[in-house]
Amino acid sequence: MTATQVQVRVPASLRSYTGGRPVVDVDIGALGGDPTVGSLLDHLAAVHPDLERRVRDEQRRLRRHVNVFVGTENVRDLSEQGTPVAGGDEVAIIPAVSGGA
Amino acid sequence: MIGTRKGLFLARSEDRATWAVEGPAFPMNAVYAVAVDTRRESPRLLVGADSEHWGPSVFHSDDLGASWDETEGGALRFPVETGAALTRAWQLQPAGADQPDVVYAGVEPAALFRSDDGGATFSLVEGLWDHPHRPRWQPGGGGLCLHTVVPHPTDADRIVVAISAAGTYRTEDGGKSWQASNTGIQALHEPDPFPEFGQCVHKIARNPARPDEMFLQNHGGVYRSRDGGETWETIEDGLPATFGFPMVAHPHTPGTAYAFPLVADAHRMPPEDRLRVYRTTDGGDSWHGLDAGLPREPAYSTVLRDAMCADDEPPAGVYFGTRGGDVFGSADEGETWGSVARYLPDILSLRAARVP
């Protein structure tokens with residue numbers, strides 16, 4: 001990762017959609033002005049559509065049991081998909097603790 | 001195909017007496033919808049699998065489950081302008097033999113989708129989505145879902161669907177327009193016992209050899225139609241209870257159908273605490289219990305709406321799976337039963353077919 005890239009960490013259960021890669025690097029310049037988690041996921045929708053649709057539904061809402069972190073902060077505690085991202089940020093997609101028995 | 005709350009299992013048999021079970025595929029995914037499409041050169045297996053985390057998806061296999069394909073971008077998606085998002089596929093239903101590439105999907109939130117490429121991609125049937133009743137449909141206990149699609153075996157324009165808890169709707173123009181089709185079916189949760197819509201229909205089955213005759217398991221009440229769903233009458237003589245979920249028509253013999261009654265809405269367990277299938281052979285005029293070979297010890301498990309099915313063989317095989325994870329089968333139309341699989345997760349869906 002460089003200072004002009006956002007590093008997206010992909011959980012093991014979704015790596016079949018990234019060719020097995022645990023990390024997808026995205027150039028911040030590809031996200032337009034004022035890049036956000038939402039524009040990052042929009043970009044992923046174009047590049048890795050099956051990864052993105054597992055994270056968001058067809059209305060581009062984050063799935064209920066999926067958490068997205070910018071650094072160590074859950075975007076649900078920030079501005080959801082409006083949360084800004086910048087070059088050098090690490091964005092992690094992590095399944096919530098749920099599932100039942 | 002055995003869809004469970006935690007994945008798909010496949011059971012194979014040469015003689016329908018001894019079964020080899022493999023799986024799970026899609027572990028931890030709830031498999032509410034399975035289908036074996038035998039109209040194709042190589043049979044296609046279809047699966048609706050929902051991940052608690054990663055949402056619903058539809059997969060298909062043309063090598064009997066050795067490998068699975070997932071359509072890029074997803075096979076089933078609501079158009080953005082609907083504002084809706086898929087919760088799950090409840091039903092994947094191949095159409096009649098004269099439309100070998102058409103597969104219907106019934107989904108939650110309640111909507112019908114149609115595929116013209118064997119289930120790889122689907123599009124919303126807008127005629128039903130735009131129905132003026134839709135804003136007033138109320139969800140049943142399982143959500144507002146279109147769980148049953150009954151295509152006509154020879155007339156592609158005629159389809160019947162069931163929605164919980166909106167009732168039965170039918171089209172006679174291939175899905176462009178839909179009519180509520182609940183005349184005679186009682187709604188137990190409405191002040192008006194016979195509203196135009198709002199019934200909680202659990203399952204509808206049709207015998208392909210007599211397509212105007214249909215059997216219906218309601219949320220309380222078992223019904224028959226002999227006019228393609230236009231009107232319904234009760235057929236409960238011989239049934240120990242009128243509550244239940246599945247209803248299966250015999251694949252060849254008109255007038256024969258199978259049900260799995262439960263005591264009541266407020267007591268969803270088998271009557272007399274015994275696993276017992278009920279069969280009619282006279283179009284619903286009478287029903288008789290079938291339990292030879294089924295466990296004799298007390299049983300409290302239920303059979304969900306898509307967890308009973310028949311194969312297409314002579315004599316027909318009949319199968320059911322319980323929420324306790326047991327699957328039973330009969331190779332002689334229900335006369336005698338044996339175990340297909342045990343100790344699986346809750347059985348949600350079941351389909352059987354002869355494949356090469």
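Heads up: the structure comes first, above all this text.
Here is what the cut-offs are and how they apply
Residues numbered from 1 in each chain as written. Chains lettered and ligands numbered in written order. Predicted model: local features only at pLDDT ≥ 70, side-chain atom pairs only at ≥ 80, totals over all residues. Heavy atoms only, no water. Helix = DSSP H or I, 4+ residues; strand = E, 2+ residues; numbered from the N terminus. Buried < 20%, exposed > 50% of the residue type's maximum accessible area, 1.4 Å probe, protein only. Areas by Shrake-Rupley, 256 points an atom, 1.4 Å probe, with all protein chains shown as cover. Lys, Arg positive; Asp, Glu negative; His and termini not counted. Charge placed at Lys NZ, Arg CZ, Asp CG, Glu CD. Contact = heavy atoms within 4.5 Å. Buried area = accessible area lost by both parts, 1.4 Å probe. Salt bridge = Lys/Arg side-chain N within 4 Å of Asp/Glu carboxyl O. 1 Å grid on protein atoms, 1.4 Å probe; cavity = no way out; pocket = protein on both sides within 12 Å on 5 of 7 lines; lining within 4 Å. Points joined across faces, edges and corners; volume = space filled by probe spheres on them. Nonpolar A, V, L, I, M, F, W, Y, C, P; charged D, E, K, R; others polar.

Peer 1: What am I meant to see in the overall build of chain A here?
Peer 2: Scanning chain A from N- to C-terminus turns up two helices and five strands. Shown N-terminal to C-terminal, the secondary structure of chain A runs as helices and strands in the order β-β-α-α-β-β-β. Taken along the three principal axes of its C-alpha coordinates, chain A extends 45 × 30 × 25 Å. The buried share among the 101 residues of chain A stands at 50%. With an accessible surface of roughly 4,700 Å², chain A has 50% of that area assigned to carbon and sulfur atoms. Considering chain A, the positive charge centre built from 11 side chains and the negative charge centre built from 13 side chains are found 9 Å apart.

Peer 1: Any chance you could explain the interface of chain A and chain B here in plain terms?
Peer 2: Think of interface size as the accessible area that goes away when the parts come together; that is how it is often given. Tallying the contact residues gives 21 residues for chain A and 23 residues for chain B. Taken over both partners, the interface formed by chain A and chain B buries close to 1,800 Å², and the fraction arising from carbon and sulfur atoms is 47%. On the chain A side of the contact with chain B, Arg53, Arg54 and Glu58 of chain A bury the most area, a combined 38% of that side's loss. Counting across the chain A and chain B interface gives two salt bridges. The partner of Glu70 of chain B in a salt bridge is Arg54 of chain A, with the nearest N and O atoms 3.1 Å apart.

Peer 1: Mind showing me how you'd approach empty space enclosed by the protein here?
Peer 2: A probe matching the size of a water molecule, rolled over the atoms, marks out where space remains unfilled. Applying the stated criterion to the full structure yields three cavities of 30 Å³ or more. Considering only enclosed or pocket space, the largest cavity measures out at about 60 Å³ in volume. Taken together, Arg53, Glu58 and Arg63 of chain A together with Pro56, Leu76, Arg77 and Leu86 of chain B form the lining of the largest cavity. Classifying every residue of the lining of the largest cavity gives three nonpolar, no polar and four charged.

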